[in-house]
Each structure stands twice: as C-alpha cells, then as structure tokens.
Amino acid sequence: MPENPALFSPLELRSVRLRNRIGVSPMCMYACEPDGLATPWHLVHLGARAAGGAALVVAEATAVAPEARISAADLGLWSHAHARALEPVAAFIEAQGAVAGVQLAHAGRKGSTQVPWVGRRWVPPGEGGWTVQAPSPLAFGPHSAPPRQMQEADIARAIAQFAHAARHAVAAGFRYVELHLGHGYLAHQFLSPLTNQRDDAWGGCFEHRVRFAREVARAVRAVLPDTLALAARLSVSDWLEGGWEPTQALRLGRLLKEDGVDLVVCSSGAIAPGSAPPGGPGAQPPYAARMRAEANVRSGAVGAITEPSQAEALIASAGADLVFLARAMLRNPNWPLHAAQALGAPAPWPKPYARAVGG
Ligand SMILES: Cc1cc2nc3c(=O)[nH]c(=O)nc-3n(C[C@H](O)[C@H](O)[C@H](O)COP(=O)(O)O)c2cc1C
C-alpha cells in the first residue's frame, strides 16, 4: 500500500482546489421533462456523490439551448431560471467539500430523440421534437433525425449559446465548466471527417474541422473568470475507418490549451453506430497519458475505472491528473470513501454517517 496515495493528493486547476483526484463523470439523467430545469433528482443524485468523497462532481451534458438537447428530458442552462434551479445543487456539492462542475453540450444531429429507456428514436417536430442542425446533412442512423446543414449564422449562434450558458453556469455557482466536444455531439460532428463534409472554412482540412471546437473554447474562456477551471471532453478516436483519430485529438489538445482549456478528458467513440472502444479497462485511459505527455496539457482518464488500485496507478504513474468514474459511481456513491480506506488515506465520512464506519 502506498504511504501517501497519489489518488488522494490535491490538485489545483487555476484557483480551483480539488481535494483528491477523483471526479464523478457527467451522466445524463433525463429527469427534466419538459423545460430543462433541474429537479430534486439532481440535488439528491449529485449531492450524494459529493458527500461520498469525490473531489469534483460534474453535472450531466447540459444543453446550451432548447434545440441543443438530446431529448426533451435533458437538463438545460439557457436562462436565468435554469441557473437558479441549479444554484442549490452547486451550493450543496460545494458544502460537502467537493467542486461543483457542469458539462455544457449541444447534441447537433444526435438531438430530438426519445429518452434511452424508451428507445432513442427520432421524435419529429410535430410530436414534441425540433429540427436538428449539423455541419452536414447526414443523419446519425436510420432512426435518427434528418439534420439541416448549419449556415454561418447558425454556427455563430451555437458558439454564442455556449458562452451564454457558461455565464449562467458561473451565476449558478459552478467552478468547473467542461465543454462536451466528444461522443458524437455537435463539436465532434465538426471534428470528424465522417460527419463533416463541408468545403468552407468549417470543414475539410484539420484546421477548419477544429475551428468550431476552438471558437467555442475561446468564447467560453472569455466569459469565465480567470480563477475558474475550463475543461474539454474529447473523443480521441472514432474507432472507424476514415474517422477522427488519436494523432488529430492530440494536436487539438495542444491547441485547446492555447485557447485556455486547463484539462482535457480523454473519452472516445459515439460518432456513428458502431463507433465504440474495444471493451475492458485498457482501451481509453492510456490516451490520457499520451495527452498529458504529447499535448502538454493536464488530462483526465475515463472508461472502465472501477478499482482503487487501478485509479491509484493511473495517477501515481502520471498517466492522468484526474480519474473520472461513471458507472462505478452509480453503483456506489461512496466509492471515493471506500477507495481512501482501501489505500490507507483518511476517509472523511460525513459526520452523521460516522457510526456506519466504527465511529
Ligand atoms: C447513465 C450514463 C449517462 C452518461 N451521460 C454522459 C454525459 O452526459 N456526458 C458524457 O460526457 N458522458 C456521459 N456518459 C459517459 C460517462 O461519463 C463515461 O465516459 C462512460 O460511462 C465510461 O466510464 P465508466 O466506465 O466509468 O462508466 C454517460 C454514461 C452513463 C452510464
């Protein structure tokens, strides 16, 4: 057992101090039908994970506009009312000693669907859905919305929507803003040659395909106070022939750092049906190490991290600056407290729970 586990060492991103290296990965809850406003579910779900010892609790992919949602049940952050609804959630997370984070997202062509447990099929405009936009008029799959190709004004509007949502995130009390540039959503649709077939200044060569992601990053950085942390989540690979791939993602990571991004979370896949990493814990986390070493930017590892020793090894070997856990945190909100006990670090159980752990 390591004497001072690296997993429980603090990390500073600008003025944001994380008490350890464990983040709750953003996870869509589809709990907001129909207005995008946070509900008691968010307070309980995210709050429990902050009380469970994570350093950073990142609220789900949060839509920057109504037409940016995946489904009508998505969380949103496009108005003061949305910020006010999230305020108690961020405040509770911070009161537990964790940092409140939010992931800002635009679904692009993956929008206007049913919630996943109903089926993820297209919901047309006449049935409660909306017209979806994308860099090119290519549907995600046979049961997905037919997207309208974005014009210059649509692109400018989407970038501005990210910046407006970031202002609302700050007003709500979030101190970490993560841009969703992966998983086949709008920014990723610009990055991947499979979904971006434009021949204007937003498509074609690498510089044109990364332009949307970079402009979003710059616009959001410009409205965030210097003290707050900005992160970006990338899919480092489409895992498909002719798609976006790691050398391009590493190049983009370096550019995003220039644009004011403090941490790049290395996920992968989801640009099209069949775009997924091979199963198991070895597929994604190694890209966080490469991002850190080759793009010289702080990185987050995610994907099948379930064991304290595995998380400790990633941080201790400089394979990542942070680890993000999703499904393991759903199974056990107290995962970080158990990991601390397993690795011999102090486990700050909430005082009212002390009797559960021998107090
Ligand atoms: C219920 C659920 C919802 C998810 N929603 C999001 C999301 O909103 N944004 C995101 O970037 N990833 C989302 N993901 C992906 C996770 O954040 C994570 O990258 C993925 O599950 C792999 O990590 P894991 O092996 O620890 O689960 C979601 C995953 C799950 C299980």
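Before reading further, recall that the structure is shown in the block above.
Throughout what follows, the structure given in this document is the object of discussion. Each chain has its residues counted from 1, following the order in which its sequence is written. Given that the model is predicted, a residue must reach a pLDDT of at least 70 before its local features are reported, and side-chain atom pairs must reach 80 or more before they are shown or counted; all residues, however, enter totals for whole chains, interfaces and linings. By convention in this description, side-chain values take in all heavy atoms of the structure and omit both hydrogens and water.

**Structural notes on the sheet that holds strand S12 (residues 322-325)**
So, step 1. Only strands that DSSP links by at least two bridges are regarded as paired with each other. Only runs of H or I of at least four residues qualify as helices and only runs of E of at least two qualify as strands under DSSP, and these elements are numbered from the N terminus. Taken in spatial order, the 8 strands close into a barrel running S3-S4-S5-S8-S9-S10-S11-S12, and their pairing is parallel. Each adjacent strand pair in this sheet contributes to an overall mean axis angle of 25 degrees, direction not counted.
So, step 2. Direction of pairing for strand S11 (residues 298-302) relative to S12: parallel, over a ladder of 3 bridges. Across the sheet, the residue bridging to Val-302 is Phe-324, located in S12. Here the axes come from fitting lines to C-alpha atoms, over the contacting stretch only for helices, and the angles between their N-to-C directions go from 0 to 180 degrees.

**Things to note about the side chain of Thr-62**
So, step 1. Along the chain, the position of Thr-62 falls in strand S4 (residues 56-63).
So, step 2. Every residue pair with non-hydrogen atoms within 4.5 Å of one another is taken to be in contact. Residues within four places of Thr-62 in sequence aside, it is in contact with Leu-75, Gly-76, Leu-77, Val-102, Gln-103, Leu-104 and Ala-105.

**With respect to the packing of aromatic side chains**
The description of an aromatic ring pair uses the distance of the two centres, along with the angle that the planes make with each other.
So, step 1. Planes of paired rings set the category: under 30 degrees apart is stacked, over 60 is edge-to-face and the rest tilted, where pairs are Phe, Tyr or Trp rings (Trp by its six-membered ring) whose centres lie within 6.5 Å. For the structure shown, the criterion picks out 5 aromatic pairs.
So, step 2. Pairing Tyr-30 with Trp-117 gives two aromatic rings, centres 5.8 Å apart and planes at 85 degrees, and the pair type is edge-to-face. You can see Tyr-30 sitting in the loop between strand S3 (22-24) and helix H1 (40-51) and its partner Trp-117 sitting in the loop between strand S5 (99-105) and strand S6 (133-134), a full 87 residues away along the chain.
So, step 3. Relative accessibility under 20% of the residue-type maximum defines a buried residue, over 50% an exposed one, and the middle range a partly exposed one, all with a 1.4 Å probe and only protein chains included. Judged by relative accessible area, which is 63%, Trp-117 ranks as exposed.
So, step 4. Taken together, a centroid distance of 6.4 Å and an interplanar angle of 75 degrees make the contact between Trp-239 and Tyr-287 edge-to-face. Here Trp-239, found in the loop between strand S9 (229-235) and helix H7 (246-258), pairs with Tyr-287, found in helix H8 (residues 285-294); they are 48 residues apart in sequence, far enough to count as distant.

**Brief notes about H8**
So, step 1. Taken as a whole, H8 has its buried residues at Pro-285, Tyr-287, Ala-288 and Met-291. The buried side chains of H8 occupy one side of the element, clustering within an arc of 150 degrees when seen end-on.
So, step 2. Looking at the packing, one finds that the buried side of H8 touches S9, H7, strand S10 (263-267), S11 and helix H9 (308-316).
So, step 3. Positioned one or two residues after H8, Asn-296 has a phi angle of 55 degrees, which is positive. Here the arc refers to the set of directions running from the helix axis out to each C-beta atom.

**Remarks on the layout of surface pockets**
So, step 1. For cavity detection a 1 Å grid was placed over the protein atoms alone, and a set of points counts as a cavity when a 1.4 Å probe fits there but cannot get out; an open set counts as a pocket when protein lies on both sides within 12 Å along at least five of seven lines, with lining residues being those that have an atom within 4 Å of a point. Grid points are joined across faces, edges and corners, and a volume is the space filled by probe spheres set on the points. Taken as a whole, the largest pocket spans an internal volume of roughly 1200 Å³.
So, step 2. The wall of the largest pocket is formed by 50 residues, among which Arg-120, His-183, Tyr-185, Ser-267 and Ala-270 lie closest to the centre.
So, step 3. Listing elements by their share of the lining of the largest pocket, those giving two or more residues are S12 and helix H10 (327-331).
So, step 4. In terms of residues, the lining of the largest pocket owes the most to one element, H10, which gives 4 residues.
So, step 5. For the second largest pocket, the lining is made up of 13 residues, of which Phe-8, Arg-19, Ala-345, Pro-346 and Pro-348 are closest to its centre.
So, step 6. Residues were grouped as follows: Ala, Val, Leu, Ile, Met, Phe, Trp, Tyr, Cys and Pro as nonpolar; Asp, Glu, Lys and Arg as charged; and all remaining residues, including Gly, as polar. Considered class by class, the residues forming the lining of the second largest pocket number 7 nonpolar, 4 polar and 2 charged.

**Some thoughts on the nonpolar core**
So, step 1. For our purposes a nonpolar core is just a set of buried Ala, Val, Leu, Ile, Met, Phe, Trp, Tyr and Cys residues, chained together by side-chain atoms within 4.5 Å. Among the nonpolar cores identified, the biggest contains 91 residues, and Leu-104, Phe-212, Val-220, Leu-234, Met-291 and Val-323 are the most heavily contacted of them.
So, step 2. Once you skip the residues sitting within four places of it in the chain, Val-323 turns out to touch Leu-7, Arg-21, Ile-22, Gly-23, Ala-301, Ile-305, Ala-311, Leu-314 and Ile-315.
So, step 3. One finds Ala-231, Val-265, Val-302 and Phe-324 within the second-largest nonpolar core, a separate group that totals 17 residues.

**Some remarks on the site of the ligand**
So, step 1. Note on terminology: near, applied to a residue and a molecule or strand, indicates that one of the residue's heavy atoms is within 4 Å of it. Ser-25, Cys-28, Gln-103, Ala-304 and Arg-327 are the nearest of the 15 residues found near the ligand.
So, step 2. Pairing of N or O atoms within 3.5 Å defines a polar contact, subject to two protein rules: one partner must be a possible hydrogen donor and the other a possible acceptor, and residues neighboring in sequence count only if both atoms are side-chain atoms. Residue Pro-26 places a main-chain N or O atom 2.9 Å away from an oxygen atom belonging to the ligand.
So, step 3. A distance of 3.0 Å is found between an oxygen atom of the ligand and a side-chain nitrogen or oxygen belonging to His-180.
So, step 4. Computed with the Shrake-Rupley method and a 1.4 Å probe, the accessible areas treat only the protein chains shown as cover for residues. Within the complex, 80% of the 610 Å² of free accessible area of the ligand lies under protein.
So, step 5. Mapping the ligand onto the cavity grids shows that it belongs to the largest pocket. Molecule-in-pocket calls rest on the fraction of atoms, with more than half required to lie within 2 Å of the cavity or pocket grid points.

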